[in-house]
Amino acid sequence: MAWPRTRTLAHWWRLCLGLFSIVVWLVPCVNLQPAENINYNLVHSWADKLGMELFHLGDFITRRKEVQESFKEAKVVSRNGASIVDSMAKEIEMMMDLKVSAVRRIMDTAENTALSHQNDLADKMFSYYNAKEMLEPGDPFPPIPTPAPDMDKDIGEPLIYVQPKVVVLEKRPEFHNTPVNFSVSSVHVPVNVFDRAPDVIKAIQWSENLDQIFRDNYKNDPTLSWQFFGSSTGFMRQFPASKWNKDVPVDLYDCRLRSWYMEAATSPKDIVILMDGSGSMLGQRLDIAKHVVNTILDTLGTNDFVNIFTFAKEVSPVVSCFEDLLIQANLDNIRELKEGIESFKPKSIANYTAALTFAFELLEDTKSSSRGAQCNQAIMVIGDGAPENNRAVFELHNWRDPPYKPVRVFTYLIGKEVANWDDIRWMACENQGYYVHLSDTAEVREMVLNYIPVMARPLVLGRHDHPVIWSQVYADIEDTKLSDYLWEIKQCEEQKADVLEYWQVQDRMLEPSEMHRREYRRMKETWNQPVDSNVYQFMTTVSMPIYDRRENANITEEVLINEALWELQTRETRIANILGVAGTDVPINDIKKLLSPFMLGVNGYAFIVTNNGYILFHPDFRPIFQGYILKPSYNSVDMIEVELLDDDKGARDFNPVLLTIRDSIINQSTGSKWMLVKNHFDEMKRVIRIKRQYYWTAIKKTPFTLVISYPEQYGVSRMDIRTEQEIHRVNIKGTNIRSFFDGKRWKIHPDWLFCKHSNRTFKTPEIELLYFLERMSEPGWRWPGSRSAMPPEHAAAMFSNNSSTGRYPSINEKESYYCDRQLMQALVFDARVTGWFSNKTSWHSKDEKGNEFKQRFGVTLAFLATHSGLTRWHEFHSNGLEDTRIGEAFSQNNTRAIDEIWYKRAVDQHFVREESFVYSVPFDAGESKSEILVTASHAIFHNEGGKAAPAAVVGFQFQHSALYKLFHNITGNACAMDDKDCYILDNNGYVVISTRVHETGRFFGEVNGAIMKRLLEENVYKRVIVYDYQAVCFKSKNDNNASSMLLSPFIHVLRLGKWLLHTALWYIVQLMQWAPGVSAHFADMHGDLNGTEPRPPPEHHERNGHGNGKKKNDDTWLRYLTLHRTRLKTCDMQRELYTLFNEKDNVVYNMTAHACERPFVVLPIPNSNLILLVIDQLCPRDASLILTVNPQTIDYHLPVNDSLACFKQANEFNRVRPQSCISRHANESAIKLCGKGCAVYANLGLLLLCHILSRWL
């Protein structure tokens, strides 16, 4: 029967059809088919077409072949690194000799002037130019201050008022546009110094005679920066005169606490600070003691060594990991010690014998093991009284070689009512120290600084030996304490911004995405570490001590007649006083201008290393963060922390080869070495692995060593001109070299020294260049022999045999200008052969294809930069008209030629693909609402005799929207479909093109971490870990005062006040939300974040019965109201950066997509630094996987109480001690000045009141 058979077949057919439908439906889940949607050949054609279009565009717009042809007349020569570093070191040495000469003349004049005015009387009404009070013509005179009632009775004399002096000031660019006066000097007096005190005003009087030597020095050397005399009484006389900066909230400056003063006034020192930890050191006594310790720490420099120990029954270090050793007094270690002393709490009974014994043994061990400063040694004892004088301890450790006592003892007695002062004073007087009694925090700084003149006595007694001291790099008048203040202000500003934002957007602010966005934005600000910044003026200072040439002097002091009577007595005594320190600043930028970066070429650089291994400057020196805040330990950066070897070692696991090179450098040897290194650039977001050559040599008579470095690949050769192309030969032919610089479409490197006039200033470097070009065309032009003139005393000796008068020329009379001959020859040559580039007629084209190119791609500008620092450009406009505003915008940010990022990348790309352009967009450009510009650059190399050298870089800028449109036209709608994602990435993994424009400029690992991980696994990219040893972290700050607050009943009052404040703030927020009138008034007072009127507050949930949600948001908001204070902390971070794996014929580019096992196709875009990536979106991916280039803190797995400073101390590097050490003199024992005793006065009324209260309570 046919019917049943037919029915059975129908059932089977329906069953098969159902199974087939299920299979089809399950296909997306089992991932068998979707990746076949990516056609490898089609993607390959996209990449080829895009590369061809872009290269033809760049080739046409930049006219690169014509540029290359322009340099055919030049020659290529070998670069001699040893010769270059030697020449640069001699130039720097000559300049530094000139500064030392000026300081020596200030010193000599000051000593003679002080001696000749020793019998002058102090005039308390003496008028001088006070830097904080002097006026300019037209400024109103301040009102005469009115004394407070009974003030005359308190101070014993009428209030002194001297009218401020008037001075004319003029802005000068060589002093960073500070208004100055070159006729007089001005005086800065610290806030803790009374300028009318007899010893202070007398020193101000006689030091006014230094103005003449200041003026003479400046006449002999107009390149001199600030000259100054820092007095031991506290004031500083500075030339030229200028007003003191009043922008800072408080004037913290005291010249005696600056490194140039401290290191000149005393030889290097090892100091052990002993702080009484007994239970009596509570309240104000503890506050004063901590202030004393902090002030002592502020007087130390990187050539000093120190540690702090508290003593009760036992002796303990304030930082546990610094036990039994002295540590270098750099900013990082000093900060660690200050944090340690801040958290100290006294207890038990003080054992002075054990503490002194421990200190002496530590100093002896330090000396015998050749650690520490190996010069002066001192013990600082801080307490409220010693039970005995511990004579036996001193006899055993310090009096073994009379009259020499190797360790000085300085004692600081804390507290008002202290009866037992004689023993602690005896300790200081019998051990060549000084005794101080302190009863108030206001007098701490002045009293603590008394130890410096005492430690300077061997220097003064030596008379004729004036050590020349060069300081480490520092930020002019800034104090690192200001960094903490600025960070506090920054946190408060963020808190205010949160309040205002919450008031505007309400609960939207508390959404996780908004909270993350805000946190990320603030973290990005902390990562802002500009290398070149004008916020601070960084410098080194050369200084020299100034001695009082008197051997004896009359002193008046209080003498204890009996137990209750003190009497003023005058007597003659032996003295050895230091008058102060003379010095002059040497701006780091002035040193850099002597380095001839032109001779080092692109990606070449120079840096200077000190005897401690720290850098004086370096291209990777990043001393500030947030754009304007100094880092806590900004000037303690070691050279091996910025020269990162490419050896795949872990953090702080430094290569022995690098350590050996470092030792050679700090020992001021001469040498050279090749090294493979990792160079990061572009805000530490890009990296290149490169082989570099290093050369180094000493800068004689200084603690500095100069190091230069350049890449092996293209640094061994350089461009040079031929003899017939020299400037004077061009002039002889009748050609006007000034004509090579016609028009306004050119700039020169603003930081290079082409030609410099000593006595004239110019508005721009270009105007100065044109001035010298005209002079070169005049008859009689000659090239100066050196950048720096010879010091006058050296010149005097040289010219005295050749001149009947013995007169020697000054800079003004000999050579008032300097020109870098080799650089100027190269610049004029480059300008001559590239003059056509900026000429608008040369760009006029009737070629329809050319005009179509310009308009279709939105080309805005073409540019050219040469190896001699010349930059030219030409603007385009979409309608064919020129728009000079585009060129002005370009010239403001792209004038540094070989130092520009696009120049460096183009030269590096030349060795990856010679015929290619480097394309880039700004980081996170998609977040900006403005038009995005793509920058493309290409390196021009000149070849001769088998040698090649980079001659120039050409490039252009065009609109990103045009590139996106081109990409869309090539790919059609394929990349607009939901099943595919298409990206163009650059050689460091940043998105250049994405179908989602907001992703432009982002790192691809943050967009799609899963695919980025696959690209790493398949060797499309390589991960390069870069360590940042100059990073700043933020440690949670405890608001509680460390000084015995737990023992104070006021802690409960403070807690109550804190609760009341939080409650009041909560009600204020509610009032702002509910009262529109109050809100409007608040807006008027504080402004609107967006500059628009605020939206009316939304209806609250509790009105609809949703009170729980409202309460939850209120609780969340209260967490924002509380300011979570943090403190700055140095730390190490690392960045995982990425670079294309640039092996030729990389097999990964031949691989097709294969299901979801490989859901993408990646291909290089020819003639570029770009890759094309097409991804199948239907395949699942782990969205939580994110790869980032943002810095991550390195965890060294340290013990709980240890810090990075502890880790660094355990792995400290070698250092070389300063050559000068004067720590003893046979006649010092004759000086008996060691501080005054103190008297105790009983207040009977106070005693009676205390007795009554004790009875009642």
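Bear in mind that the values here come from a model prediction, so they are computed numbers and not experimental data.

The rules behind each value
- Residues numbered from 1 in each chain as written.
- Predicted model: local features only at pLDDT ≥ 70, side-chain atom pairs only at ≥ 80, totals over all residues.
- Heavy atoms only, no water.
- Pairing = 2+ DSSP bridges.
- Helix = DSSP H or I, 4+ residues; strand = E, 2+ residues; numbered from the N terminus.
- Axes fitted to C-alpha atoms, helices over the stretch in contact; angles between N-to-C directions.
- Contact = heavy atoms within 4.5 Å.
- Disulfide = S-S within 2.5 Å.
- Buried < 20%, exposed > 50% of the residue type's maximum accessible area, 1.4 Å probe, protein only.
- Core = buried A, V, L, I, M, F, W, Y, C linked by side-chain atoms within 4.5 Å.

**Student:** Talk me through the sheet that holds strand E21 (residues 615–617); I want residue IDs and the actual numbers.
**Tutor:** Hydrogen bonds between backbone atoms are what pair the strands of a sheet, whose relative direction is either parallel or antiparallel. Read from one edge to the other, the open sheet built from 5 strands follows the order E21-E20-E26-E25-E24, with strand pairing classed as antiparallel. Two strands close off the open sheet at either side, each with one partner strand: E21 and strand E24 (671–681). Each neighbouring strand pair of the sheet contributes to a mean axis angle of 35°, computed without reference to strand direction. Where E24 lies against strand E25 (residues 686–698), 11 bridges are found, and the strand directions are antiparallel. Looking across to E25, one finds that tryptophan 674 is bridged to glutamine 693. Across the sheet, helix H4 (residues 81–116) lies against strand E20 (605–609), E25 and strand E26 (705–711), angled at about 145° from E26, the strand it touches most.

**Student:** Please set out the state of the cysteines residue by residue, giving values where relevant.
**Tutor:** For the structure on display, the rule yields 7 disulfides. For cysteine 375, the disulfide goes to cysteine 1221, at an S-S distance of 2.0 Å. Here the S-S torsion is close to 105°, and the disulfide linking cysteine 375 with cysteine 1221 is therefore right-handed. Here cysteine 375 is found in the loop between helix H11 (352–368) and strand E11 (376–383), whereas its partner cysteine 1221 is found in the loop between helix H37 (1204–1210) and helix H38 (1244–1256), with 846 residues between them in sequence. By relative accessible area, which is 5% here, cysteine 375 ends up buried. Judged by relative accessible area, which is 38%, cysteine 1221 ranks as partly exposed. Shown here is the disulfide that connects cysteine 429 with cysteine 1234, its sulfur atoms set 1.9 Å apart. With the S-S dihedral at roughly 80°, the linkage between cysteine 429 and cysteine 1234 falls on the right-handed side.

**Student:** Describe the nonpolar core, with residues and values.
**Tutor:** One finds Tyr412, Met776, Phe1004 and Leu1015 to be the most contacted residues of the largest nonpolar core, which totals 299 residues. The greatest single-element share of this core, amounting to 14 residues, is contributed by H4. Not counting residues up to four positions away in its chain, the partners in contact with tyrosine 412 are Val292, Ile296, Met380, Val381, Ile382, Gly383, Val436, Leu438, Val448 and Tyr451. Phe309, Leu356, Leu363 and Trp399 belong to the second-largest nonpolar core, a separate cluster that totals 32 residues.

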